[in-house]
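Chain by chain, the residues run as shown.
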Amino acid sequence: MKPRDVVKKIMRAWKAMVEQPTQELYANALVEFQDECSDFPLFLNYAMTTLKEVKEKIVRAWTNHVMHLGCKTTNRVESAHALVKKYLDNSVGDLGTSWEKIHDMLVLQLIAIQTTFGQSVTVFEHRFKDVTFYFGLGGHVSR
Amino acid sequence: MVSGYLSRKTNEWGLNILNGVHDHAMEPTLEGHILAGRLKEDDKKIVRDLTKSKMLPRNILINLKNKRPHCMTNIKQVYNERQQIWKANRGDKKSLQYLISKLEEHKYTYFSRIQSESTTIEDIFWAHPTSVMLFNNFPTVLVMDSTYKTNMYKMPMFEVVEVTSTDLTYSVGFGFVTHEKEENFVWVLKMSRKLLTSKKNMPKVIVTNMEMSLMKTIGNLFPKSYAKNCYFHAQANVKQRCILDCKYPLEKRMGKR
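Only a predicted model underlies this, so the values are computations on that prediction, with no experimental measurement involved.

Asker: Just checking my understanding: could you explain the domain arrangement of chain A for this structure?
Answerer: Interface size is commonly expressed as the accessible surface area that is lost when the partners come together. The assigned domain composition of chain A is domain 1 (3-63) and domain 2 (75-132). For domain 1 of chain A versus domain 2 of chain A, the distance between C-alpha centres works out to 38 Å.

Structure below.
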């Protein structure tokens, strides 16, 4: 087997393990993962220490028990960084100019949020259109 | 300007003076002449307005040219005018004084800390008043991370974002820190905790990357929140290690040497 395929196989086992929905399934997947890595004690040792430290923080079996609103990764803040940098234009401004640009970004961002709040009250969804039961709620209750 | 000629009668050279003042013919266009290209008062107003809305100098020049096709302004004059505007804006304030005056003017919540034994700023953190209001209403999932290359002082920018009920991201606060050490994270997180008015509204979940010092700080400062890690970052770390240990095992690397 090629070395590249070894890495692929091990990573597949890791992904499967991290995404197990319950702790029983996770335990089974863990055994499988250990099986895959049995030839590489050094790596297995590292993976086990990492898991011991952050198991509750990354494995779905644990994280799915809290209300995380779909934030499994730090994508949200990464995209926020990208947005800030789009406004900053360059990386050599002083704090005054950085503030000015970030302020402009915030103004637009907060308007967009306020807009969605307004829309959630005023817009009546099509799927409720023919349901007479909800008819009186349109424009009075937010979605 | 002069022109030379050879006289047929005397067979001698002579010179005719065409113009005694200039050494060239009249230019057909006036581009590059300072007086012709200067910005007039209403041009200056356009430049001021467009600069305020962060338009690039070249776009400002396009705007001027569209308004008056025959105007002879060049890009340098736009740059000069922008510099004047910038100077007038700042007055004699230093960058930080200007920042603080602006923060106060827009009623931001801000905190700063100076380095011990000197007057250099260590960390600064600010939050927009509306952001603070939103933060108190939707404190469910806090996502935080720092990024580089945002300013000339090479201070990492630490950003904290939250999710609204309409599934949009909003920025709670921005912190500029000198180092990414535990002490700095403790300070920034303490300041963001200060924004919450009620102790009952502590964030339920906090998502971070695999930064050890940040993870430790969160455990101490938000004991009731569930600290979560980005599984993607964790996976990247594992993969890196896997490539090192399994693709190129130690014996193989030693053998190559």
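Asker: Help me out: how do you make sense of the sheet that holds strand 9 (residues 226-229) of chain B in this one?
Answerer: The strands that make up a sheet pair up through hydrogen bonds in the backbone, lying either parallel or antiparallel. Residue and element names in this part refer to chain B. Spatial strand order, 3-4-7-6-5-8-9: seven strands in an open sheet with mixed pairing. Single-partner strands in this sheet number two, and they are strand 3 (109-114) and strand 9. With strand direction ignored, the average angle separating the axes of adjacent strands in the sheet is 20°. Direction of pairing for strand 6 (residues 157-163) relative to strand 7 (residues 169-177): antiparallel, over a ladder of seven bridges. Paired with Met-157 across the two strands is Phe-176, which belongs to strand 7.

Asker: What's the story with the nonpolar core in this structure? I'm lost.
Answerer: In summary, soluble globular proteins display a tendency toward joint burial of nonpolar side chains. Counting residues in each nonpolar core, the largest one holds 63 residues, and the members touching the most others are B:Val143, B:Val161 and B:Val188. When near neighbours in sequence (up to four residues on either side) are disregarded, B:Val143 contacts A:Cys71, A:Thr74, A:Arg76, A:Val77, B:Val161 and B:Val207.

Asker: What's the story with the domain arrangement of chain B in this structure? I'm lost.
Answerer: When the domains of chain B are assigned, the result is domain 1 (2-90) and domain 2 (107-230). Taking only C-alpha atoms into account, the centre of domain 1 of chain B sits 51 Å from that of domain 2 of chain B.

Asker: Looking at this structure, how should I read the interface of chain A and chain B?
Answerer: Taken together, the contact between chain A and chain B spans 54 residues of the former and 53 residues of the latter. Those elements that place two or more of their residues in the side of chain A that touches chain B are helix 1 (3-18), helix 3 (41-58), helix 5 (75-88) and helix 6 (95-122) of chain A. In terms of residue class, the side of chain A that touches chain B is built from 30 nonpolar, 15 polar and nine charged.

Asker: Quick question: what am I supposed to make of the environment of A:Leu137 here?
Answerer: Residues and elements named next belong to chain A. Within the element layout of this structure, Leu-137 appears in the segment after helix 6. The exposure class assigned to Leu-137 is partly exposed, which follows from the 13 C-beta atoms found within 10 Å. Along the backbone, Leu-137 and Glu-125 are 12 residues apart, and their C-alpha atoms lie at a distance of 11 Å.

Asker: Honestly, the pairing of strand 5 (residues 141-147) of chain B in this entry has me stumped. Any pointers?
Answerer: All names here are of chain B. Burial within strand 5 is extensive, with six of its seven residues counted as buried. Bridge count between strand 5 and strand 8 (residues 205-208): three bridges; the pairing is parallel. Residue pairing for strand 8: Val-141 is matched across the bridge by Val-205. Relative to strand 6, strand 5 is paired through five bridges, and the arrangement is antiparallel. Residue pairing across strands places Asp-145 opposite Glu-159, the latter belonging to strand 6.

Cut-offs and rules
- Residues numbered from 1 in each chain as written.
- Chains lettered and ligands numbered in written order.
- Predicted model: local features only at pLDDT ≥ 70, side-chain atom pairs only at ≥ 80, totals over all residues.
- Domains from an automatic or database assignment.
- Pairing = 2+ DSSP bridges.
- Helix = DSSP H or I, 4+ residues; strand = E, 2+ residues; numbered from the N terminus.
- Axes fitted to C-alpha atoms, helices over the stretch in contact; angles between N-to-C directions.
- Core = buried A, V, L, I, M, F, W, Y, C linked by C-beta atoms within 7 Å.
- Buried ≥ 20, exposed ≤ 12 C-beta atoms within 10 Å, placed from the backbone.
- Contact = placed C-beta atoms within 7 Å.
- Nonpolar A, V, L, I, M, F, W, Y, C, P; charged D, E, K, R; others polar.

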